[in-house]
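Structure at a glance
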Amino acid sequence: MGKKLYIETVGCQMNVLDSELVVGSLRRQGYELTHDADDADVILFNTCSVREHAEEKIYSALGRLRGHKRRHPEKVLGVLGCMAQKDQKKILRRAPHVDIVCGTGQLGKLPELIDQVRQGAGPQLALSLARHEASRLEVEHSFESYDPMRDPSMRPSPFQAYVRVQIGCDKFCTYCVVPSTRGPEQSRPPQHIAAEVRQLAAEGCKEVTLLGQTVNSYEYDLGDRRERLSDLLARIHDTPGLERIKFVTNFPRDMGNDLLDAVRELPKVCKYLHVPAQSGDNEVLKRMKRLYTVEYYREMLARCRERVPGVAVSSDFIVGFCGETEEQFQRSCDLVREAGFKNSFIFKYSPRPGTKADDLYPDDVPEEIKKRRNNDLLSIQGGVSLADHRRLVGCTVEVLVEGLSKAALKTSGTPGPRQLTGRTMTDHIVVFEGNERLVGRTVVVHVREASPFTLYGDVVTGEQVGAEVEEPTRLDSPEREEQGKRFALPLI
Ligand code: 5AD
Ligand code: SF4
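Report follows, based on the coordinates. (Residues numbered from 1 in each chain as written. Chains lettered and ligands numbered in written order. Predicted model: local features only at pLDDT ≥ 70, side-chain atom pairs only at ≥ 80, totals over all residues. Heavy atoms only, no water.)

Regarding the overall build of the protein
Helix and strand counts for the protein come out as 18 helices and 21 strands. When burial is assessed residue by residue, the protein has 58% of its 492 residues classed as buried. Put simply, of all contacts in the protein between residues at least 6 apart along the chain, 73% involve residues at least 24 apart. With the model as given, the accessible surface of the protein reaches about 20,000 Å², and the carbon-plus-sulfur share is 51%. (Helix = DSSP H or I, 4+ residues; strand = E, 2+ residues; numbered from the N terminus. Buried < 20%, exposed > 50% of the residue type's maximum accessible area, 1.4 Å probe, protein only. Contact = heavy atoms within 4.5 Å. Areas by Shrake-Rupley, 256 points an atom, 1.4 Å probe, with all protein chains shown as cover.)

What follows is the structure, given as C-alpha cells:
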C-alpha cells in the first residue's frame, strides 16, 4: 500500500513552487497525495513568516493535530519553509509533537529526514546557516539539485508553471523577514533555466512565470558577459510551445530600460509588471529602507508606461508602518489615486522579530487605525480599478483560459456550457461562458461588462487570433484573493 502525503501551503508563489518540488520528490519515494490530513502518513505544512497572522494560523493547526499525533505516533508531522527557518527549535518548544523542522534551503533533504524519523531517530532539524555563514556553494547546491524535480500534478494548472530564477534577497527592507528566511540573493544559471523551460513546454506548458524576490535584479556572470533578466527573457522566448512569459516580483530601483524594452519587443512576454511601492511618503520609505523616493517611483512608473505602451502595473502597500502619520498615509492614498495601478495588494504592518524595524521603531499605529487605513486604501484602489475596467468594455482581449470560474466550480458536474475564467496578456481576469475543453487554450473574448475585480465577456472565437486584438491598458483583479489559493499571493 502506498504511503499517503498531506501538504498544506501558505504564502507566496515561491512556496507553491517549493511544495510542488516536495511532492515531486516524495512521489518518487512512493507517496501519493491525499486531501485529508487524518488519512495521511506524512503531514506537512509549508509556511510563511511575512506576517504574524500566517504564523499563528500554522501554530493553531499544529495544536489541533496534537491529539491525532498522540493516537497515531507513527505518523510524521513536518513544518517546512520560512517559519521553520525563522523559528527553528522554537517550533519544537511550542509544538513538541512535530517531527521535522526543515528550512527553505533544505527541502531536498526531506525524504531522508522522513526516513530518519520513521527509523526512530527522533525530531529532525534541517536548517540553512545564518546568511553571513552560508557559502555560495551551499546555496547553489540547494538550487540545482532540487528545481529540476517537477511534479506536473502540483502545478497551478497543466499548462502553467513557476520557474525559479533567483533565490533570496539582499535588499533588507526594514520590515521584511525574507532576507533572513530565504538567505542571500543568488541568480540561477540561465542555461539551466532555459533547459527547464524547454522541458516544461515539451510537457504542454504554455505559460511560465519566472520567480524571484527581486526578479528584475537577476544577473548571472557568464564569464565574458553578465546575463540580465532582459537577456534571459530573450533566451527563453522562442521555446517551442511556449506562449506566455511572466515574471514577478520587481524592485522599483532595478527597473532598467533594457528590461522594459524586452517586455515591449518580445511578443510572448506579458505586458504586466508587479512593482510594489509600499508607501507614498518619503519619510516612511526611508524608514522602510526602500532605497527610492516617491518622486523616483512616479518617474519609474511613467518610464514603464512610455516604454511599454498599454502595460498594466500592480503594486503592494503596507499601511500603519511604524510612525506613519495620517498625513503620510494620505500620501499613499494620493499615489494610489494617481498611479492607475491595475490592482494593489494592501497589508497592515505586522512587526517581525529579527527585522530592523522591529528593533528600531515602535509598532505605534493602533490596530484600529491600521484596519481603517487598510479599508480606505482598498476602497480608493477599488474605484481606480472599476474605472479602468469600464474603459475595457467593448474591447476584445486575448485570454488564456485557466479553468472553471469560482461559481462554476460550485456546480461542477452540470452539463452544457460552463463559466470559465482566464487572463489577458496584461493579467486581467476575464470570466465568460464556454465549453470546458477551451481550458488551456487562448481565445478571443469581447468584453461586455466590468466589475472592480473582473471583466465579463463573450468568446469571439475559440482559435487564437493575433495582432488586431486590442489589449487593455490598466485594470484591477483582486479576485487574486481567490486565485491566491491556487496561485498564491504576491511574491515576497
Ligand atoms: N508587515 C506587513 N506586510 C509586509 N509585507 C512584507 N513584510 C511585511 C510586514 N512585516 C508585504 C509587502 C510585500 C508583500 C508581499 O508583503 O507589501 O511586498
Ligand atoms: Fe527583499 Fe521584497 Fe522583502 Fe524588500 S520586501 S527585503 S525587496 S523580499
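Moving on from the coordinates now.
Section: the site of ligand 1
Among the 13 residues in the neighbourhood of ligand 1, the closest are listed as Arg51, Tyr175, Gln278, Asp316 and Ser350. A distance of 3.0 Å is found between a nitrogen atom of ligand 1 and a backbone nitrogen or oxygen belonging to Tyr175. Expressed as a share of its isolated accessible area of 410 Å², the protein-covered part of ligand 1 is 97%. Residue classes in the shell around ligand 1 are distributed as 7 nonpolar, 2 polar and 4 charged. (Near = heavy atom within 4 Å. Polar contact = N/O pair within 3.5 Å; in protein donor to acceptor, adjacent residues only side chain to side chain. Nonpolar A, V, L, I, M, F, W, Y, C, P; charged D, E, K, R; others polar.)

Some details on the sheet that holds strand S17 (residues 396–404)
Judged by pairing direction, the barrel is mixed, and its 5 strands sit side by side in the order S17-S18-S19-S21-S20 before closing back on the first. Across this sheet, the average inter-strand angle for adjacent strands is 55°, counted without regard to direction. With 6 bridges joining them, strand S20 (residues 442–450) and strand S21 (residues 455–461) adopt antiparallel strand pairing. Within the sheet, the bridge partner assigned to Ala450 lies in S21 and is Leu455. (Pairing = 2+ DSSP bridges. Axes fitted to C-alpha atoms, helices over the stretch in contact; angles between N-to-C directions.)

Side note on the packing of aromatic side chains
All chains considered together, the criterion is met by 8 aromatic pairs. Seen in terms of ring centroids, Phe321 and Tyr361 are 6.4 Å apart; in terms of plane orientation they differ by 75°. Their pairing is edge-to-face. Taken together, the residues span a long stretch of sequence, with Phe321 in the loop between strand S15 (312–319) and helix H14 (326–339) and Tyr361 in the loop between helix H15 (356–360) and helix H16 (367–391) at a distance of 40 residues. Tyr361 sits in the partly exposed class, given a relative accessible area of 25%. Here the guanidinium or amino end of Arg94 rests over the ring plane of Tyr59, the centre of that ring lying 3.8 Å away. (Phe/Tyr/Trp six-rings, centres within 6.5 Å; stacked < 30°, edge-to-face > 60°. Lys NZ or Arg CZ within 6 Å of the ring centre and 35° of its normal.)

As for the nonpolar core
Counting residues in hydrophobic clusters, the biggest one holds 66 residues, and the most contacted among them are Val208, Leu210, Leu233 and Phe247. Here Leu210 is in contact with Val163, Val165, Val215, Leu229, Leu232, Leu233, Ile236, Ile245, Lys246, Phe247 and Val248, once residues within four sequence places are set aside. Within the second largest apolar cluster, 19 residues are counted, among which are Ile43, Leu77, Ala95 and Val98. (Core = buried A, V, L, I, M, F, W, Y, C linked by side-chain atoms within 4.5 Å.)

A closer look at the packing of helix H11 (residues 257–265) against helix H13 (residues 294–307)
Axis angle and axis distance: for two packed helices, these are the angle between their axes and the distance between the axes, and together they describe the pair. Their axes nearest at 9 Å, the elements H11 and H13 cross at an angle of 35°. Crossing of H11 against H13: the hand is right-handed. Along its contact with H11, which presents Asn257, Leu260, Asp261 and Arg264, the element H13 presents Arg303, Cys304 and Arg307. Class assignment for the residues of the contact of H11 with H13 results in 2 nonpolar, 1 polar and 4 charged. (Left-handed = near helix turned anticlockwise from the far one by under 90°.)

A closer look at helix H6 (residues 110–118)
The set of residues buried in H6 consists of Leu110, Pro111, Leu113, Ile114 and Val117. On an axial view of H6, the arc spanned by its buried residues comes to 160°, and they lie on one face. Check the buried side of H6 and you find it contacts helix H1 (13–27), strand S2 (31–33), strand S3 (42–47), strand S4 (76–81), strand S5 (100–102) and strand S6 (124–126). Gly120 sits one or two positions beyond H6 and adopts a positive phi of about 85°. (Arc of directions from axis to C-beta.)

Some words on the pattern of salt bridges
On inspection of all chains with the given rule, the structure shows 42 salt bridges. A salt bridge links Arg94 to Glu56; the shortest N-O distance between them is 3.2 Å. Of this pair, Arg94 sits in helix H5 (residues 89–94) while Glu56 sits in helix H2 (residues 52–64), and the two are 38 residues apart along the sequence. Relative accessible area serves as the criterion here: at 38%, Arg94 is assigned to the partly exposed category. On the accessibility criterion, Glu56 (31% relative accessible area) is partly exposed. Of the charged contacts in the structure, one is a salt bridge between Asp388 and Arg391, with a shortest N-O distance of 3.0 Å. Pair noted here: Asp388 and Arg391 are both in helix H16, with a separation of 3 residues, about one helical turn. Using a relative accessible area of 2% as the deciding quantity, one classes Asp388 as buried. When salt bridges with common partners are traced through the structure, they connect Glu207, Lys246, Lys342, Glu402, Arg423 and Asp427 into a single cluster. (Salt bridge = Lys/Arg side-chain N within 4 Å of Asp/Glu carboxyl O.)

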